[in-house]
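Spelled out from the first residue to the last, the chains are:
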Amino acid sequence: MHSPRFQQQPAELYRELRREHGPVAPIVLDGGVPAWYVIGYRELHHVLSNPHLFARDSRRWNQWDRVPADWPLMPYVGHNPSVMFTEGDEHRRRSGAISDALAAVDQFELRTSCEQIADQLIDAFVVSGEADLKAQYAHPMPSLVVSKLFGLPDSEAPEVVRNLAASLDGGPDAIPAYQRVVTTMERLLRTKRARPGPDVPSRLLAHPAALTEEELTQDLLVIMSAAQQPTANWIGNTLRLMLTDDRFAVTLSGGRRSAGQALNEVLWEDTPTQNFVGRWASQATQLGGQRIQQGDLIVMGLAAANTDPQVRPDSYEGSVGNHAQMSFSHGEHRCPFPAPELAEVIARAAVEVLLDRLPDVVLAVAPEQLVWRQSVWMRGLESLPVEFTPAYVTSSFR
């Protein structure tokens with residue numbers, strides 16, 4: 001799964017795994033740590049629908065004695081006080097507060113804000129006639145939007161974007177960058193406690209769930225992190241599809257009719273979060289013909305489940321209007337409502353504004369030269385170079 005072949009044609013690997021192991025495959029993670037990889041749609045649905053059997057608290061893991069403190073996947077499995085590792089009533093208390101805070105976002109106002117931010121990003125390169133739409137557009141867009149939803153000052157948003165990107169990339173600056181984002185969230189909470197506003201942190205502070213300072217900090221980080229790479233890759237992967245697939249070529253100049261179709265197809269074909277760690281078996285059980293021991297780690301194959309021939313639409317036309325993909329997970333620990341809806345507002349605005357502003361945009365390289373990032377977990381391009389007719393800055397008239 002670390003090979004270039006997996007990055008370019010993951011569906012082929014999923015087919016091989018199904019032929020050899022069925023819907024649940026034994027895998028070995030970094031350092032020789034064993035886990036189960038669930039790639040069958042029905043089996044994954046069963047795991048996600050039964051949190052009492054496949055639980056979220058990683059302290060159940062039966063392999064902790066084999067995992068070093070600097071294990072590369074520690075950010076995914078190391079227990080912390082965020083909503084990600086809570087269960088039962090505690091999870092419902094925390095996720096309910098997040099859902100309520102996000103549900104209060106006016107989606108019409110959000111769309112307007114997204115269009116303004118998209119225009120500002122395009123203004124930075126529109127006169128040049130060329131751009132890397134991943135680095136200059138799709139990547140910064142979600143963080144800038146979420147910064148607005150959080151009530152962060154415009155002057156602080158670029159630094160938050162840089163630090164969040166560094167913390168998620170897993171490089172040498174990942175931990176210091178993460179701590180800088182934590183410090184920003186702590187400072188933001190102090191500001192909102194003194195001067196509440198119409199924003200997500202203020203709503204969480206006032207919520208009846210009475211979240212503690214540590215819970216608030218951790219959950220704001222979860223919201224921002226979950227919005228960043230998945231949404232950025234959703235935007236980038238959709239633009240790639242619309243620029244490389246002849247089915248969309250006739251509608252690029254008026255992209256509104258086809259943008260929604262492309263966004264949904266990407267969730268089936270190139271879903272931003274390919275795999276996710278994880279769930280831990282609370283007791284011994286059977287799954288997909290495999291014997292799962294108490295404490296075993298389950299890796300959720302979201303993208304693989306979307307390609308399961310037992311449920312996968314046979315064609316592009318079959319996916320139009322079909323939203324049964326696993327891209328936002330499922331069950332109690334899925335992306336909380338209405339996060340997927342807000343992510344779609346951001347992604348759709350980004351795609352439509354770009355195609356409105358740059359109607360003749362084309363790839364600057366051959367489609368086969370586009371390179372997918374070397375990641376088992378996220379699916380996104382390294383870059384998306386394009387060319388277009390240079391234009392004047394016109395966003396002030398939108």
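For the structure given in this document, a descriptive report is provided here. (Residues numbered from 1 in each chain as written. Predicted model: local features only at pLDDT ≥ 70, side-chain atom pairs only at ≥ 80, totals over all residues. Heavy atoms only, no water.)

## Some details on the overall build of the protein chain
Across its full length, the protein chain carries 17 helices and 10 strands. What you see for the protein chain is a C-alpha radius of gyration of 21 Å, in line with the 21 Å of a compact globule of 398 residues. The principal-axis extents of the C-alpha atoms in the protein chain amount to approximately 65 × 55 × 40 Å. Considering the protein chain as a whole, with its 398 residues, one finds that 55% of them fall into the buried category. Taking the contacts inside the protein chain whose residues are at least 6 apart along the sequence as the reference set, 71% of them involve residues at least 24 apart. Summed over all atoms, the accessible surface of the protein chain reaches about 17,500 Å², with 53% contributed by carbon and sulfur. (Helix = DSSP H or I, 4+ residues; strand = E, 2+ residues; numbered from the N terminus. Rg over C-alpha atoms; globule rule 2.2 N^0.38 Å. Buried < 20%, exposed > 50% of the residue type's maximum accessible area, 1.4 Å probe, protein only. Contact = heavy atoms within 4.5 Å. Areas by Shrake-Rupley, 256 points an atom, 1.4 Å probe, with all protein chains shown as cover.)

## Considering the layout of surface pockets
Its boundaries defined by the atoms lining it, the second largest pocket holds a volume of some 470 Å³. Taken together, 23 residues form the lining of the second largest pocket, with Gln-8, Gln-9, Arg-240, Asp-270 and Arg-379 sitting closest to its centre. Classifying every residue of the lining of the second largest pocket gives 10 nonpolar, 7 polar and 6 charged. (1 Å grid on protein atoms, 1.4 Å probe; cavity = no way out; pocket = protein on both sides within 12 Å on 5 of 7 lines; lining within 4 Å. Points joined across faces, edges and corners; volume = space filled by probe spheres on them. Nonpolar A, V, L, I, M, F, W, Y, C, P; charged D, E, K, R; others polar.)

## A look at the sheet that holds strand S4 (residues 130-132)
Strand order in this open sheet of 3 strands is S4-S10-S9, and the pairing throughout is antiparallel. A single partner strand is all that each edge strand has here, and the edge strands are S4 and strand S9 (362-363). (Pairing = 2+ DSSP bridges.)

## Focus on the nonpolar core
Among the nonpolar cores identified, the biggest contains 78 residues, and Tyr-137, Met-141, Phe-150 and Val-200 are the most heavily contacted of them. Looking at this core element by element, the count peaks at 13 residues for helix H12 (residues 213-244). Grouped together as the second largest cluster of nonpolar side chains are 25 residues, Ala-25, Leu-297, Val-299 and Trp-377 included. (Core = buried A, V, L, I, M, F, W, Y, C linked by side-chain atoms within 4.5 Å.)

## Topic: the sheet that holds strand S8 (residues 297-301)
As summarised here, the arrangement of the 5 strands in space is S1-S2-S8-S5-S3, forming an open sheet in which the pairing is mixed. Looking at the sheet topology across the chains shown, the edges are occupied by strand S1 (24-29) and strand S3 (54-55). Helix H2 (residues 10-21) contacts S1 and strand S2 (33-38) of the sheet and is inclined by roughly 115 degrees relative to S1. Along the sheet, helix H3 (residues 41-49) contacts S1, S2, S3, strand S5 (275-281) and S8; its crossing angle with S8, the most-contacted strand, is approximately 125 degrees. (Axes fitted to C-alpha atoms, helices over the stretch in contact; angles between N-to-C directions.)

## Quick notes on the packing of aromatic side chains
Summed over the entire model, instances satisfying the criterion amount to 7 aromatic pairs. Measuring from centroid to centroid gives 5.6 Å for Tyr-76 and Trp-377, while their planes differ by 35 degrees, and the two rings are tilted. Within this pair, whereas Tyr-76 is found in helix H4 (residues 74-77), its partner Trp-377 is found in the loop between S9 and strand S10 (385-387), the two being separated by 301 residues in sequence. Residues Phe-125 and Phe-388 carry aromatic rings whose centres are separated by 6.1 Å and whose planes lie at 55 degrees to one another, so their mutual orientation is tilted. Here Phe-388 lies in the segment after S10 and Phe-125 lies in the loop between helix H6 (107-123) and S4, a separation of 263 residues in the sequence. Of the residues examined, Phe-125 reaches a relative accessible area of 2% and is grouped as buried. A relative accessible area of 7% means that Phe-388 is categorised as buried. Here the aromatic residues Trp-61, Trp-64, Trp-71 and Trp-280 are joined through ring pairs into a cluster of three or more. Here the guanidinium or amino end of Arg-56 rests over the ring plane of Phe-85, the centre of that ring lying 4.7 Å away. The aromatic ring of Trp-372 is capped on one face by Arg-379, whose charged end is 3.6 Å from the ring centroid. (Phe/Tyr/Trp six-rings, centres within 6.5 Å; stacked < 30°, edge-to-face > 60°. Lys NZ or Arg CZ within 6 Å of the ring centre and 35° of its normal.)

## Some words on H3
Burial in H3 covers these residues: Tyr-41, Leu-44, Val-47 and Leu-48. Projected onto a plane normal to the axis of H3, the buried residues spread over an arc of 125 degrees and lie on a single side. Tucked inside the fold, the buried residues of H3 contact S2, S3, S5, strand S6 (285-287), S8 and helix H15 (302-306). (Arc of directions from axis to C-beta.)

## Thoughts on the side chain of Ser-327
Position of Ser-327 relative to the elements: it lies in the loop between helix H16 (316-319) and helix H17 (339-357). A polar atom in the side chain of Ser-327 sits 2.8 Å from the backbone oxygen of Leu-267. Ignoring sequence-local partners within four residues, the contact set of Ser-327 consists of Leu-267, Thr-271, Leu-302 and Asn-306. (Polar contact = N/O pair within 3.5 Å; in protein donor to acceptor, adjacent residues only side chain to side chain.)

## Details of the pattern of salt bridges
Evaluated as defined, the whole model comprises 21 salt bridges. The salt bridge partner of Lys-192 is Asp-199, with a shortest N-O separation of 2.9 Å. Taken as a pair, Lys-192 and Asp-199 share a single burial class, namely buried. In this structure, Glu-265 and Arg-247 form a salt bridge, with 2.9 Å as the shortest nitrogen-oxygen distance. With a gap of 18 residues between them, Glu-265 in helix H14 (residues 256-269) and Arg-247 in helix H13 (residues 246-249) connect regions that are remote in the sequence. Looking at Arg-247, the relative accessible area reads 35%, which means it is partly exposed. In the salt-bridge network here, residues are joined through shared partners; they are Glu-90, Arg-93, Arg-94, Glu-215 and Asp-219. (Salt bridge = Lys/Arg side-chain N within 4 Å of Asp/Glu carboxyl O.)

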